[in-house]
Amino acid sequence: MAFDKWFNSQSRLIQIILLLIPVVGWIVECLVRLSVMLRTQSIVHIVVFIIFLLVGWGWILCIVDLIYLALTGHLILAA
């Protein structure tokens, strides 16, 4: 699964728009984190994926990820 590579190859504007749409943003973040977790199989990425599944549907993590994406070009702990 290379969804994270596809997402990172999009323009920053497209990435931000995808994250701003309420349900789509959560699904995109889940897919990016799942893709990174499966590709790297790092314990950090596994823990971040599980945490995001449990509390990522809230707006706080999405807004933090959106700001971090705007500044750096990728999601927190998903590079």
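Residues numbered from 1 in each chain as written. Predicted model: local features only at pLDDT ≥ 70, side-chain atom pairs only at ≥ 80, totals over all residues. Heavy atoms only, no water.

## Quick notes on the pattern of salt bridges
Close approach of charged atoms lets side chains of opposite charge pair.
Working step 1: The final tally for this structure, using the stated rule, is three salt bridges.
Working step 2: The partner of arginine 39 in a salt bridge is aspartate 4, with the nearest N and O atoms 2.4 Å apart. Separated by 35 residues along the polypeptide, arginine 39 in helix H3 (residues 22-40) and aspartate 4 in helix H1 (residues 3-9) bring together distant segments of the chain.
Working step 3: The class for arginine 39 is partly exposed, based on a relative accessible area of 40%.
Working step 4: Note that arginine 33 is salt-bridged to glutamate 29, the shortest N-O span being 3.8 Å. Of this pair, arginine 33 and glutamate 29 both sit in helix H3, four residues apart, which is roughly one turn of that helix.
Working step 5: Residue classification places arginine 33 among the buried residues on the basis of a relative accessible area of 6%. (Salt bridge = Lys/Arg side-chain N within 4 Å of Asp/Glu carboxyl O. Helix = DSSP H or I, 4+ residues; strand = E, 2+ residues; numbered from the N terminus. Buried < 20%, exposed > 50% of the residue type's maximum accessible area, 1.4 Å probe, protein only.)

## A short note on unusual backbone geometry
Where the residue is not glycine, phi is negative for most of them; where a peptide bond is considered, it is trans in most cases.
Working step 1: The phi dihedral of glutamine 41 falls on the positive side, at around 55°, and the residue is not glycine.
Working step 2: Inspection of the secondary structure assignment puts glutamine 41 in the loop between H3 and helix H4 (43-55).
Working step 3: Residue glutamine 41 is classed as exposed on the basis of its relative accessible area, which comes to 64%.
Working step 4: With a phi close to 55°, leucine 77 is a non-glycine residue in the positive phi region.
Working step 5: Take leucine 77: it is sitting in the segment after helix H5 (59-72).

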